[in-house]
Amino acid sequence: MNKLFSQAPSPSRRGFLAGVAAVAGGASFGFHIPFADAAEPAFPDEVNAWVVVKPDDTVVIRIARSEMGQGTLTGLAQMVAEELECDWSKVTTEYPTPGENLKRKRVWGAMATGGSRGIRESHQYVREGGAAAREMLIAAAAKGWGVKPSECKAENSVITHAASGRSTTYGKVAAEAAKMEPPKEIRLKDPKDWGVIGKSLLRLDTKPKTDGSQVYGMDLSFPNMLNAAIKDCPVHGGTLKSVNSADAEKEPGVRGVVRVGDSGVAVVADTFWQAKLAADLLEIEWDPGKNGEVSSASLAEWLKEGLDAKEAFVGNKNGDAAKALGSAARVVEATYSYPLQNHACMEPMNATAIWTEDRCEVWTPTQNGEGALAATIAASGHDASKCDVHKVHLGGGFGRRGATHDWVTQVVEIAKKFPGRHVKLIWTREEDMIHGRFHPITQCRMRAALNDKGELTGMHMRISGQSIVAAIVPGRLAEDGKDPFVFQGLMASGKEFEIGYTIPNLLIDHAMRNPHLTPGFWRGVNTNPNAIYLECFMDELAHATGQDPLAFRLKLMENHPKHRAVLQAVADKIGWDKPAPKGIYRGLAQVMGFGAYVAGAAEVSVTDGELKVHRIVAATDPGYAVNPQQIEAQVEGSFVYGLSAALYGEMTVEKGRVVEENFNTYRVMKLAEMPKVESILMPSGGFWGGVGEPTIAVAAPAVLNAVFAATGKRVRNIPLKNTDLKQA
Amino acid sequence: MVRLNVNGQVREIEADPGTPLLWALREQLGLTGTKYGCGVAQCGACTVHIDGAAVRACVMPLASVKEEQKIVTIEGLANGKPHPVQKAWVDLDVPQCGFCQSGMIMAAAALLKENPNPTDEDIRSEITNICRCGTYNRVLAGIKKAAVEGGAG
Ligand code: FES
Ligand code: FES
């Protein structure tokens, strides 16, 4: 904790210039800067950037990514510890600040935490960091004994020299080790020799989450701190026309009412509750701008037009789909849709800032410390050398706290009006819902060409709708303006998002239509709608041609053995080849997302129009599995997140703004609806896939396919709550 | 001036009697383990015990809490040693982000006090807290485990 509140050492000018460019250019997508680039150690007690060993043998492992519940903190520590050969019971962790990272030439690499990349993109250099520290610790002990390092061995934080029977501990030689040259060459362990990676260790961060002592952003407190509540124009892109704050200012504890940007107004008071009450008394007139008449219906109309538009970005193409459809014995067509949805992190957005003439610091729960720092620098009016961000534990992230840091910009602007005082801004749940960075809204028309044997001879998948990348990171668009992320789970090849079927004559394209409601990366991102569109439609084709949905798929998966293996695994475990219990119906789905292969099978019943999900079987092939019990937790949680979205998740739009403002209208799944989840972990080795997101995408189609089996009703518009499942 | 009995101590606070107990705990008494998630009694993140029963503190104004009523928050749940629910939570690694878990634990502890041996169905109908990370199955397993180990605390 002391680290959290420490002032960052003042950095060198040169380091910052390089660093700022890096932040501005690639905040959320990551860089690979190996640890060998490390500048001088900034902290005397560290062995290297990743490892600090205290005299009492406590090992502090530095974690660059953000822990938001997904277990990455423990997983990354396991990776370092594996190579470090330290005593796991003495391991603790800490976050370096983004400012320190810049100053030290990004020695910790990227801090962005999203896209399930915490482990899969840093496994190499964090393990190397652990291995280098181990070699330096051994070298220090050997030097003290006057023997060769190669004659010494390290295990469980103890270094021994067998020949002379001497031993010492990491804590005793750590100070000396820091002075050693880092090894030039590092050989990592063979996966078959792993003892820490692959173990279902308990998380390092559980206990404080059970006794109230875990500090989240919302819980921060500083002497003399002020508290702020904000109202920002509910129509994204609109502005604040006028505000009458006379009543608000009379409220007890109120210290000021301040405009924030051109669209917001905040009340600053002694306590948050006072600020919130006073903010409710503000008389505000908004100027919605040009989007004040947009509604869910008008959005749907607009996207529908895109289904037939001539112009579209091609994401995956082989053969001639148009020709195949033109000459098909039979064409099957269906149109699907996916709505705007809110991340609804359990902890609403918040941050604390202090601004003075020569410094600005921010404390905030963020998935991307460097992105938060970029927002701080921009809003503070200071240059980078005068700013830093302290990452605080996140009460959920799911993508909301990564690519945009709108709340950080706000808190800095507010703090500037109260120089020298900490100001904490908390969004109410209502503000958090209205200013979501929503799951993108799309529609999709699927058209399949079938021959007279019922075989798939061609397919056109047209997606119409919103691009996250165009809205929030336009620098990542392809040269022609295409958003490659739209095709997650549908790509012809690649290590992350490859389609699992070989379809002769295929065209998958995207007519981009960008509503003003700002989208964001939403756990699972575009694999969510894409897996629904493709996997439900595959089910439709199987039923249309009188084939078994599993057999129909497997025929198209010969060239995709890993996709096939997870699908087969869930089918076997759920008992696909045997009849289901009476009144129970089954559905299947698979996808590749974020480098992992996943599949789901569901058992449901529908009684008087009421859906009950009884049982889920899920299979995951993430290549390597770092902590199986945590992967299981991610898989279970993914069904909650994915099914909440599929069954209930919808932000509707009226007069340019979203309607749902709290959990009473934005329903999410609760314990009563939670099915049993059986998780099959089948790591096949040789690659690193993410586990925080991919399973979300199979939750919905597996259940929707089972709903069709149960009712004969094909739910093509998400969420399911809008479809009446009662038998006519 | 309002007097409250919190975690076994009588505390005096300066706050408007309309202030929800949640914010008085967090802002006046510094007991930030109790969380704000919705403010409208939907999510349960703010669950505390009043005389042993689970209450959603975000909709409970100070004016309606009597001085002699005993308030227990997550910080005061352990009684010398961790409450069986807390222990089960650690053993099973229940929390993910953890933000909902203070409320979950308080709801679970109150349930076990009422019903020391709940069935799965009891738990499903009684625990109505929201967890966006989706820890529900481990919450259920945790309550069962705590029940076996003397969950009434
Ligand atoms: S904050 Fe009280 S129920 Fe959600
Ligand atoms: S553990 Fe994150 S909301 Fe429950």
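What counts, and where the lines are drawn
Residues numbered from 1 in each chain as written. Chains lettered and ligands numbered in written order. Predicted model: local features only at pLDDT ≥ 70, side-chain atom pairs only at ≥ 80, totals over all residues. Heavy atoms only, no water. Pairing = 2+ DSSP bridges. Helix = DSSP H or I, 4+ residues; strand = E, 2+ residues; numbered from the N terminus. Axes fitted to C-alpha atoms, helices over the stretch in contact; angles between N-to-C directions. Contact = heavy atoms within 4.5 Å. Buried area = accessible area lost by both parts, 1.4 Å probe. Salt bridge = Lys/Arg side-chain N within 4 Å of Asp/Glu carboxyl O. Polar contact = N/O pair within 3.5 Å; in protein donor to acceptor, adjacent residues only side chain to side chain. Domains from an automatic or database assignment. Nonpolar A, V, L, I, M, F, W, Y, C, P; charged D, E, K, R; others polar. UniProt positions renumbered as here; feature names shortened; annotations may be inferred. Buried < 20%, exposed > 50% of the residue type's maximum accessible area, 1.4 Å probe, protein only. Expected span 1.5 Å × (residues − 1). Phe/Tyr/Trp six-rings, centres within 6.5 Å; stacked < 30°, edge-to-face > 60°. Lys NZ or Arg CZ within 6 Å of the ring centre and 35° of its normal.

Novice: I'd love a proper account of the sheet that holds strand 2 (residues 9-13) of chain B, names of residues and values included.
Specialist: Residue and element names in this part refer to chain B. The strand order 2-1-5-3-4 describes an open sheet built from five strands, whose pairing is mixed. In this open sheet, the two strands that pair with only one neighbour each are strand 2 and strand 4 (53-56). Neighbour-to-neighbour, the strand axes of the sheet open up by a mean angle of 40°, direction not taken into account. In the sheet, strand 1 (residues 2-6) pairs with strand 5 (residues 70-72) via two bridges, with the strands oriented parallel. Counterpart to valine 6 in the pairing with strand 5 is isoleucine 71. The strands touched by helix 1 (residues 21-28) are strand 1, strand 2, strand 3 (47-50) and strand 5; relative to strand 3, the strand with the most contacts, the crossing angle is about 100°. Along the sheet, helix 3 (residues 101-114) contacts strand 3, strand 4 and strand 5; its crossing angle with strand 3, the most-contacted strand, is approximately 35°.

Novice: How would you sum up the interface of chain A and chain B? Please name residues and give values.
Specialist: Contact residues are listed per partner, giving 57 residues for chain A and 46 residues for chain B. Interface of chain A and chain B: buried area, both sides summed, is about 4,200 Å²; carbon and sulfur atoms make up 57% of it. Summed over the three residues of chain A that lose the most area to chain B, namely Trp273, Met346 and Leu671 of chain A, the buried surface amounts to 20% of that side. Here aspartate 219 of chain A and lysine 35 of chain B are joined by a salt bridge, their closest N and O atoms 2.5 Å apart. The tally of links between chain A and chain B comes to 28 residue pairs in polar contact (both at pLDDT 80 or more). Contributing elements (two or more residues each) for the side of chain A that touches chain B: helix 8 (272-279), helix 13 (429-434), helix 18 (628-647) and strand 27 (676-681) of chain A. Sorting elements by how many residues they give to the side of chain A that touches chain B places helix 18 of chain A first, with 10 residues.

Novice: Can you lay out the domain arrangement of chain A for me, pointing to particular residues and giving the numbers?
Specialist: Residues and elements named next belong to chain A. Each assigned domain of chain A is listed with its residue range as follows: domain 1 (31-211), domain 2 (217-289 + 349-426) and domain 3 (296-341 + 438-722). Domain 2 and domain 3 are separated by 37 Å when their C-alpha centres are compared. Taken together, the contact pairs eight residues of domain 2 with 12 residues of domain 3. Counting each side, the surface lost to burial between domain 2 and domain 3 is near 800 Å², with a carbon and sulfur contribution of 66%. The tally of links from domain 2 across to domain 3 stands at zero salt bridges. Applying the counting criterion to the domain 2 and domain 3 interface returns two residue pairs in polar contact (both at pLDDT 80 or more). When its residues are assigned to classes, the side of domain 2 that touches domain 3 shows four nonpolar, three polar and one charged.

Novice: Any details on the UniProt feature "domain: [2Fe-2S]-binding" (unreviewed entry) in chain B? Residues and values, ideally.
Specialist: UniProt annotation of "domain: [2Fe-2S]-binding" (unreviewed entry) refers to residues 73-144 of chain B when read in the numbering used here. Span residues 73-144 of chain B is 53% helix and 0% strand, its end C-alpha atoms 22 Å apart.

Novice: Describe the UniProt feature "domain: Aldehyde oxidase/xanthine dehydrogenase a/b hammerhead" (unreviewed entry) in chain A, naming the residues involved and giving the relevant values.
Specialist: Per the UniProt annotation, the sites labelled "domain: Aldehyde oxidase/xanthine dehydrogenase a/b hammerhead" (unreviewed entry) are residues 211-290 of chain A. Here residues 211-290 of chain A is 16% helix and 39% strand, with 49 Å between the C-alpha atoms at its ends.

Novice: Any chance you could break down the environment of alanine 351 of chain A for me, citing the residues and the numbers?
Specialist: All names here are of chain A. Summarising the element assignment, alanine 351 is placed in strand 15 (residues 350-356). Taking the relative accessible area as the measure of exposure, alanine 351 reaches 0% and is therefore buried. Along the backbone, alanine 351 and valine 392 are 41 residues apart, and their C-alpha atoms lie at a distance of 9.2 Å. Setting aside its immediate chain neighbours within four residues, alanine 351 contacts Val362, Trp363, Thr364, Trp407, Val411, Val423, Lys424 and Leu425.

Novice: Explain the environment of glycine 481 of chain A to me, and be specific about the residues and the numbers.
Specialist: Structurally, glycine 481 of chain A can be placed in the loop between helix 14 (468-472) and strand 21 (506-512). The contact partners of glycine 481 of chain A, leaving out residues within four places of it in the chain, are Phe313 and Met512 of chain A.

Novice: How would you sum up the pattern of salt bridges? Please name residues and give values.
Specialist: Applying the stated rule across the entire model yields 54 salt bridges over all chains. Aspartate 120 of chain B serves as the salt-bridge partner of lysine 144 of chain B, at 2.9 Å between the closest nitrogen and oxygen. With lysine 144 of chain B in helix 5 (residues 136-148) and aspartate 120 of chain B in helix 4 (residues 120-126), this pair connects stretches of sequence that are 24 residues apart. Among the ionic pairs, lysine 145 of chain B bridges to glutamate 149 of chain B, the shortest N-O distance being 3.3 Å. By relative accessible area, lysine 145 of chain B is classed as partly exposed at 25%. A relative accessible area of 39% means that glutamate 149 of chain B is categorised as partly exposed. Among the charged side chains, a network of salt bridges with common partners joins Arg586, Glu603, Arg615, Lys676 and Glu678 of chain A.

Novice: Please provide a residue-by-residue account of the pairing of strand 22 (residues 585-593) of chain A, values included.
Specialist: Residues and elements named next belong to chain A. Counted residue by residue, strand 22 has eight buried out of nine residues, so it is predominantly covered. The sheet contact formed by strand 22 and strand 23 (residues 596-607) spans nine bridges and is antiparallel. Bridge pairing in strand 23 places methionine 592 opposite tyrosine 597. In this structure, the hairpin formed by strand 22 and strand 23 is closed by a connection of two residues, where phenylalanine 594 is found at a positive phi of approximately 55°.

Novice: Mind laying out the side chain of arginine 513 of chain A, listing which residues take part and the relevant values?
Specialist: Residue placement: arginine 513 of chain A occurs in the loop between strand 21 and helix 15 (527-544). Other than its neighbours up to four places away in sequence, arginine 513 of chain A contacts Trp302, Leu303, Glu305, Gly306, Ala309, Ser464, Gly465 and Gln466 of chain A.

Novice: An account of the sheet that holds strand 7 (residues 166-169) of chain A is requested, with residue identities and associated values reported.
Specialist: Residue and element names in this part refer to chain A. Spatially, 5-6-7 is the arrangement adopted by the three strands of the open sheet, whose pairing is antiparallel. The outermost strands of the open sheet, each flanked by one partner alone, are strand 5 (152-155) and strand 7. Within this sheet the neighbouring strands show an average axis-to-axis angle of 20°, counted without direction. Note that strand 5 and strand 6 (residues 158-161) share four bridges and pair antiparallel. By the bridge assignment for strand 6, alanine 154 is matched with isoleucine 159.

Novice: Which residues make up the environment of histidine 390 of chain A, and what values do they have?
Specialist: Residue and element names in this part refer to chain A. Its location among the elements puts histidine 390 in strand 17 (residues 387-391). Among the residues examined, histidine 390 registers a relative accessible area of 2% and is labelled buried. Within polar-contact distance, the side chain of histidine 390 engages the side chain of glutamate 361 at 2.4 Å.

Novice: Can you explain helix 1 of chain B? Please cite residues and give values.
Specialist: Summarising burial for helix 1 of chain B: six of the eight residues are buried, a large majority. For helix 1 of chain B, the full list of buried residues reads Leu21, Leu22, Trp23, Ala24, Leu25 and Arg26 of chain B. Among the structural elements, helix 8 and strand 18 (423-426) of chain A together with strand 1, strand 2, strand 3 and strand 5 of chain B are those in contact with the buried residues of helix 1 of chain B.

Novice: Pulling in residues and values, what's your account of unusual backbone geometry?
Specialist: Between isoleucine 718 of chain A and proline 719 of chain A the backbone carries a cis peptide bond, its omega angle lying at 0°. Locating proline 719 of chain A in the fold gives a position in the segment after helix 19 (694-711). Of note in the backbone geometry, aspartate 93 of chain B takes a positive phi value of approximately 50° without being a glycine. With respect to the element layout, aspartate 93 of chain B can be found in the loop between helix 2 (84-91) and helix 3.

Novice: Give me helix 15 of chain A: which residues, what numbers.
Specialist: Residues three or four positions apart in an α-helix share a direction because the helix packs 3.6 residues into each turn. Residues and elements named next belong to chain A. An ideal rise of 1.5 Å per residue puts 26 Å on 18 residues; helix 15 measures up with 25 Å between its terminal C-alpha atoms. With 16 of 18 residues buried, helix 15 lies mostly within the body of the structure. Once helix 15 ends, the next one or two residues include glycine 546, with phi positive near 65°.

Novice: Any details on the packing of aromatic side chains? Residues and values, ideally.
Specialist: Residues and elements named next belong to chain A. Applying the stated criterion to the full structure yields 14 aromatic pairs over all chains. Here the aromatic rings of tryptophan 194 and tyrosine 624 are separated by 5.2 Å at their centres, their planes lie at 70°, and the arrangement is edge-to-face. Highlighted residues: tryptophan 194 in the loop between helix 6 (170-177) and strand 8 (226-232) and tyrosine 624 in the loop between strand 24 (610-621) and helix 18, separated in sequence by 430 residues. When its relative accessible area of 21% is taken as the criterion, tyrosine 624 is described as partly exposed. Centroid distance phenylalanine 222 to tryptophan 363: 4.7 Å. Interplanar angle 55°. Geometry classified as tilted. Here phenylalanine 222, found in the loop between helix 6 and strand 8, pairs with tryptophan 363, found in strand 16 (residues 359-364); they are 141 residues apart in sequence, far enough to count as distant. Using a relative accessible area of 3% as the deciding quantity, one classes tryptophan 363 as buried. In textbook terms, an aromatic cluster arises when at least three aromatic residues are bridged by ring pairs, as seen for Trp194, Tyr624 and Trp688. Sitting over the face of the ring of tyrosine 95, lysine 391 holds its NZ or CZ atom 4.5 Å from the ring centroid. Just above the ring of tyrosine 641 sits the side chain of arginine 523; from NZ or CZ to the centre is 5.5 Å.

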